[in-house]
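Report on the structure
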Amino acid sequence: MTTKTRLWLLAAGAASVLLALLALMLPSDAPPPSPLTVVSRPVIPIPVAAPAPARATPPPAVVQVGVRQDYIVQAESVEVARSAVVRVGGVVTGDLSIIRAVGAALDDRELEALRASDVPRLRIFEDSPVQASSAPGVLPETNYPSEVAASNLHVGGVTGRGVTVAVLDSGVWSNLGPLQTTPYQTPHVLAQYDVIQARTQSTYSLTAALQNYSQSINDLFGHGTHISSIIASSGVATTGKFQGVAPGGNLVSVRVLDNTGAGRYFDVISGIQWVVKQRLRYNIRVLNLSLGAPPQSPYWDDPLDQAVMSAWASGIVVVAAAGNRGPQPMTINAPGNVPYVITVGAVTDAYHPMQPLQYQLASFSSAGPTYEGFVKPEILGMGGHVLAYAPNNGTLAAQFPQWVGPYDDFTMSGTSQATAVVSGVVALMLQVDPNLTPDQVKCRLMSGAHPAVTSKGTLAYTVFQQGSGLVNAHDAVYGTATNCANQGLNVAADLAGTQHFGGRANRDSKGNYYIMQDKQTTTCSSGGGLLGGLIGGLLCIVKDVLELIPLLLDGLFWNGSYTSGSGYTWSNGYTWSNGYTWSNGYTWSNGYTWSNGYTWSTGNMGADVAAQQ
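This report concerns the structure included in the present document. (Residues numbered from 1 in each chain as written. Predicted model: local features only at pLDDT ≥ 70, side-chain atom pairs only at ≥ 80, totals over all residues. Heavy atoms only, no water.)

What the protein contains, in helices and strands, is 17 helices and 26 strands. In the protein, which comprises 613 residues, the proportion classed as buried is 52%. Pairs at least 24 residues apart make up 78% of the contacts formed inside the protein by residues separated by at least 6 positions. Accessible surface for the protein amounts to roughly 26200 Å². Of this, 56% is attributable to carbon and sulfur atoms. (Helix = DSSP H or I, 4+ residues; strand = E, 2+ residues; numbered from the N terminus. Buried < 20%, exposed > 50% of the residue type's maximum accessible area, 1.4 Å probe, protein only. Contact = heavy atoms within 4.5 Å. Areas by Shrake-Rupley, 256 points an atom, 1.4 Å probe, with all protein chains shown as cover.)

This is the structure in structure tokens:
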């Protein structure tokens, strides 16, 4: 090989290396990955496109931001979730540390990139809508504090004094009226917080904190004031009785619903988070959630339900509406589907106040069981044509002026109202015994309730419709029952994700709902000879298992029908033959399945009832 040839080969090799390096440095023109759907939908595999040839002069990189949607992004920690959203170019809209999550605005490209990222415990949820569980109606007057035996307690000084109920709703009217002061001339409303404004105005939270959360928010819808008044109005009727169930109690108003009564998962979760953080400051012992949405996943996989469980674990008694999608079975709304909380259905006096024989289960009241097999609701409250103080200039008043009373009151029906009645009763209980835990409160509410029974002494409505029965304030306040609620459940393990729980309800091949029986089984180790037999006998294990055999007593078998007749007695001496085992849970097992065919709802909110009952 000549010297000239060698020089030519060296030059060619150097040029090849330079071209290869230049190709590596230039950006690829491969198209971006196709958008992925949200978590709950199936994901279609995406083919990998081959890179296009490199060009000498690459075009400037221009990333178009698409239409962003609201999501809740959960990860191993709130910091990890926030960093993950920022890393893909999304916008963090708020902090939900109560469930290790953030609110996020993401377009399709950012959502796909986030789903493809390697983030520990990443979950992405649509920011689902929620709505108030009430409906307006005609204008009869009711006496619900007396109908649940609260008025006689007021005479003895049991008014809920010193106990604070947090109401997550549409706010409270700036004209506080009977919510201005308690009978003891102390403020009823201790604090107000506007989650919607905090989300949309970055300076609101700081300003509200500096003003000690005393700034009036106002109730542009009307529902929040109505609920707050049922709980704690100190207005005095012409009969001399208080209009509210706990007239001496305090309120914290958290606005999570807009002027149409609609809201978002993010706002409700953020409101719960604020309540948990402020619970010691304002002695918040009760959280009223007169709102809900159809469940779209198991309770442990729903971010709103997770926040509610966190509130319960912090020592706050959570009272939630069952929903107004009855009388069909399996219509309980989230977060009322959480097994730990107190879920409330509705009773109407059918326009016969103080005549218990005329009381009926409201047909709109949602019925259980839940998709996980829990019996819901646990208890009923008065929820038919309930009259309470409400703004005369809110959306409800403008739409239905014929239902506005002469004293700035309004009449509505729904499990929202029934929930407020029960929240008021809980405030009375906690005044008398401040040391009660949430589980103990639930137990005494259930044991003191009065179920509807027929003239033959059998249940007029099954436990899937009425739970333990109509709340009775006197019997709940002075009850002594223990260990009768949330048995077999562990909220700490549930939140940690190490255990989840199912209820005892199932459905047979004919579509009937029933409660599975407990069966004790004994497993003994075998051993040879007399000594082995003795040792084996000492090692016997006795355990309870569930059998797919229905319990036919105590209304624990239901074909889904609704009974609309009257003439029932709301028994105060009813004995459950097997206690409250139907309310217990057990560790979720893949070996236990419902009848096939259940799907989670993906539709819009269930409509409120159209007419009062």
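Looking now at the packing of helix α12 (residues 415-432) against helix α13 (residues 438-447). Contact pair α12 / α13: the axes reach a minimum separation of 11 Å and the direction vectors enclose 115°. On the basis of the axis angle, α12 is roughly perpendicular to α13. The two elements α12 and α13 meet at a crossing, and its hand is right-handed. Residue-level contacts link Val422, Val425, Val426, Met429 and Leu430 of α12 to Val441, Arg444 and Leu445 of α13. (Axes fitted to C-alpha atoms, helices over the stretch in contact; angles between N-to-C directions. Parallel < 35°, antiparallel > 145°, perpendicular 65-115°, else oblique. Left-handed = near helix turned anticlockwise from the far one by under 90°.)

What follows deals with the sheet that holds strand β1 (residues 69-74). Ordered in space as β2-β3-β1-β4, the four strands form an open sheet in which the pairing is antiparallel. Whereas interior strands pair on both sides, the edge strands pair on one side only; in this sheet they are β2 (91-96) and β4 (123-126). Pairwise comparison of adjacent strand axes, ignoring direction, gives a mean angle of 30° for this sheet. Together, β1, β2 and β3 (101-106) form the strand contacts of helix α2 (residues 78-87), whose direction differs from that of β3 by roughly 10°. Where helix α3 (residues 108-116) meets the sheet, its contacts fall on β1, β3 and β4, and the angle it forms with β3 comes to roughly 140°. (Pairing = 2+ DSSP bridges.)

A few words now on the state of the cysteines. As enumerated under the stated definition, the model contains one disulfide in all. The disulfide that involves Cys443 links it to Cys484, with 1.9 Å between the sulfurs. With the S-S dihedral at roughly 115°, the linkage between Cys443 and Cys484 falls on the right-handed side. Taken together, the positions of Cys443 in helix α13 and Cys484 in the loop between α15 (473-477) and α16 (491-496) put the pair 41 residues apart, joining distant regions of the chain. For Cys484, a relative accessible area of 11% corresponds to the buried category. (Disulfide = S-S within 2.5 Å.)

Within this structure, the stated rule accounts for 17 aromatic pairs. Centre to centre, the rings of Tyr299 and Phe374 are 6.4 Å apart; their planes meet at 80°, and the pair counts as edge-to-face. You can see Tyr299 sitting in the loop between β12 (291-292) and α10 (303-313) and its partner Phe374 sitting in the loop between β15 (360-361) and β16 (379-382), a full 75 residues away along the chain. Both residues of the pair, Tyr299 and Phe374, count as buried. The rings of Tyr193, Tyr204, Tyr213, Trp274 and Tyr282 are connected pair by pair, giving a single aromatic cluster. (Phe/Tyr/Trp six-rings, centres within 6.5 Å; stacked < 30°, edge-to-face > 60°.)

This brings us to the packing of helix α9 (residues 265-282) against α10. It is at 9 Å that the axes of α9 and α10 come closest, and there the two elements cross at 10°. Accordingly, the angle class assigned to the pair α9 and α10 is roughly parallel. Note on element contacts: α10 touches α9 through Pro303, Leu304, Ala307, Val308 and Ala311, opposite Tyr265, Val268, Ile269, Ile272 and Val276.

Of all five residues making up strand β13 (residues 317-321), five are buried, and the element is well covered by its neighbours. Taking every second residue as pointing to the same face, both faces of β13 are buried, with Val317, Val319 and Ala321 on one and Val318 and Ala320 on the other. When strand β11 (residues 284-289) meets β13, the two strands line up parallel, connected through four bridges. Note that in β13 the partner of Asn288 across the bridge is Val319.

This part takes up α12. Across its 18 residues, α12 extends 26 Å between first and last C-alpha, which sits within 8% of the 26 Å expected from 1.5 Å per residue. Across the 18 residues of α12, 16 count as buried, placing the element largely inside the fold. (Expected span 1.5 Å × (residues − 1).)

Each full turn of the α-helix corresponds to 3.6 residues, which orients residues three or four apart in the same direction. Among the 10 residues that make up helix α8 (residues 223-232), 10 are buried, leaving the element largely enclosed by the rest of the structure. Along α8, the residues that are buried comprise His223, Gly224, Thr225, His226, Ile227, Ser228, Ser229, Ile230, Ile231 and Ala232.

This part covers the nonpolar core. Soluble globular proteins tend to pack their nonpolar side chains together in the buried interior. Membership of the largest hydrophobic core comes to 111 residues, with the highest contact counts inside it found for Ile272 and Leu445. Tallying contributions element by element places α12 first for this core, with 10 residues. Ignoring any residue separated from it by four or fewer positions in sequence, one finds Ile272 in contact with Ile98, Leu168, Leu287, Leu304, Ala307, Val308 and Ala311. (Core = buried A, V, L, I, M, F, W, Y, C linked by side-chain atoms within 4.5 Å.)

With that settled, consider the environment of Trp274. Structurally, Trp274 can be placed in helix α9. For the pair Trp274 and Leu96, spaced 178 residues apart in sequence, the C-alpha to C-alpha distance is 9.6 Å. Excluding residues that lie within four positions of it along the chain, Trp274 makes contacts with Ala191, Tyr193, Tyr213, Val252, Val254 and Tyr282.

Applying the stated criterion across every chain, the model contains 12 salt bridges. The shortest N-O distance in the salt bridge between Asp433 and Arg444 comes to 3.9 Å. Linking Asp433 in the loop between α12 and α13 with Arg444 in helix α13, this pair joins segments that are 11 residues apart in sequence. With relative accessibility at 25%, the residue Asp433 sits in the partly exposed group. Beyond isolated ion pairs, a larger network of salt bridges with shared partners links Arg68, Asp107, Arg109 and Glu110. (Salt bridge = Lys/Arg side-chain N within 4 Å of Asp/Glu carboxyl O.)

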